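So you can see what is in the structure, the chains are spelled out below.
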Amino acid sequence: MLKRTLQFNEYTIAAMEDEYMNFALDPKHLAIMSEAKKFAKSVEHLAPEADESSVVHEGMLAALRDSGLSSLMVPAEYGGRTERLDPLAICLVREALMSSSAHADSLFALQGIGSYAITAAGSPEQRSLWLPKVASLEVLPALALTEPDVGSDLKQVSTRIVDEGGQLRVTGSKSFISNGVGASFFIVFGKESDGSFSMVLVPADMPGVSVTSTPELMAPHILGEIRFDDVLLPSSARLGEVGQGLELVLATLGVFRVSVGGAAVGLAQAALEEAVRHTRQRVQFGRPLAKLGPVAQMLADCWSEVEMARLLTYRAAWIASGDPSNALNHSSMAKLAATEMASRVVDRCVQMMGRFGLIRNSKIERLYRQARPMRIYEGASEVLRLGIAKTLTEQVK
């Protein structure tokens, strides 16, 4: 075991001296992993239909609600399982779900991503009203950041939040919003009159809110285009203080970005298992494909890369469990490495399966399509590299 204060290198975050890192998961996390895997297996029969849906699949939603896994997304005070959110537990669940169904993974992840600003900065009234419903999956939240002309550069948003003395007027458009067409409320990022950025909570049924479908993606996902036409809200709808918006975005990423790495590991593991099953039983040139040199090499490379990404992701999640706000670079590295790995691994797996890897709606074909968007959402690989490199060059003396 390694003390956190011993560090893996001099750039790792310092932590409490009495805490240790063990490369084996503790009983609590092993139990969560087992629970998630059992659920993922139970809904695998729904995946072919659910994963091709751009709206909420009611069967998958009901199953996830009954599982109780969404209670991991809010603090215990409001119906959750733990005193505060556990990034490693969330990673383990996403790893299991993504190996079975991208739709299930998305529904689970967005309960936290879409509501965390309430957990972090909501008023007691906002928390009491919404978080228990998030925990029980009674409502679906959505985090509304991106706009038709704004993606990674959030400081260019055009959505406006105008304080009119006792009420807030929200005007603007949001685009490619996950859960958009099914959300019960939106956490909206916009610009205040003083030029600062804030977040406001907008119930989906407020007058002036309209939702349309986003163009279909290569890997279907619940998305929506949201318009806010002079939506009037009480001043209490603002989350936290005026100008706290960017801080809340970073806080959300600090907890949840690393979980994308977990999902990528789950996807790659599932693809590798599909390839192993195929290459063990498919005989060419008088022997199973798995015993032919080039195929064996690809299998070995895939397994090695999956395990490297898994270790990096678990470690980043472990660090985030201690201090999410200061763990963002580690989370970014895990997300970058794991999603890039998933694309390489699933591509090799299709290659190993030959024509059978190209069959439309087969599991390996779904995984191939689902891997590609992971390198774009919640931080495109190129943007993550910029941030990681910037931190590195500032820290090296």
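Here the structure is shown first, and the text comes after it.
Residues numbered from 1 in each chain as written. Predicted model: local features only at pLDDT ≥ 70, side-chain atom pairs only at ≥ 80, totals over all residues. Heavy atoms only, no water.

Chemist: Is there a simple way to think about the nonpolar core in this case?
Modeler: For soluble globular proteins, nonpolar side chains are generally found buried alongside one another. Phe 108, Ile 187 and Met 199 are the most contacted members of the largest nonpolar core, which has 58 residues in total. Here Ile 187 is in contact with Gly 114, Ala 117, Ile 118, Ala 142, Leu 143, Ala 144, Met 199, Val 200, Leu 201 and Leu 239, once residues within four sequence places are set aside. Counting 32 residues, the second largest nonpolar core, distinct from the first, contains Met 98, Ala 268, Leu 292 and Met 352. (Core = buried A, V, L, I, M, F, W, Y, C linked by side-chain atoms within 4.5 Å. Buried < 20%, exposed > 50% of the residue type's maximum accessible area, 1.4 Å probe, protein only. Contact = heavy atoms within 4.5 Å.)

Chemist: What is the right way to read the packing of aromatic side chains from this model?
Modeler: To describe a pair of aromatic rings, one takes the distance between the centres and the angle between the planes. For the coordinates displayed, the defined rule picks out four aromatic pairs. Measuring from ring centre to ring centre gives 5.8 Å for Tyr 116 and Phe 256, while their planes differ by 75°; the resulting arrangement is edge-to-face. Residue Tyr 116 is found in helix α6 (residues 116-121), and its partner Phe 256 is found in helix α8 (residues 245-281); the two are separated by 140 residues along the sequence. A relative accessible area of 14% means that Tyr 116 is categorised as buried. The interplanar angle of 10° and the centroid separation of 5.4 Å between the aromatic rings of Phe 189 and Phe 197 together place this pair among those described as stacked. For Phe 189, a relative accessible area of 0% corresponds to the buried category. Under the relative-accessibility criterion, Phe 197 is labelled buried at 10%. Over the ring of Trp 130 we find Lys 133; its NZ or CZ atom is 5.6 Å from the centre of that ring. (Phe/Tyr/Trp six-rings, centres within 6.5 Å; stacked < 30°, edge-to-face > 60°. Helix = DSSP H or I, 4+ residues; strand = E, 2+ residues; numbered from the N terminus. Lys NZ or Arg CZ within 6 Å of the ring centre and 35° of its normal.)

Chemist: Quick question: what am I supposed to make of unusual backbone geometry here?
Modeler: For residues that are not glycine, phi is negative in most cases, and the peptide bond is trans in most cases. Even without glycine at this site, Leu 137 takes up a positive phi of about 60°. Relative to the elements of secondary structure, Leu 137 occurs in the loop between α7 (124-135) and β3 (141-144). The phi angle at Phe 285 is positive, at roughly 55°, despite the residue not being glycine. Relative to the helices and strands, Phe 285 is located in the loop between β11 (283-284) and β12 (287-288). Phe 285 sits in the exposed class, given a relative accessible area of 77%.

This is a description of form; function is not addressed.
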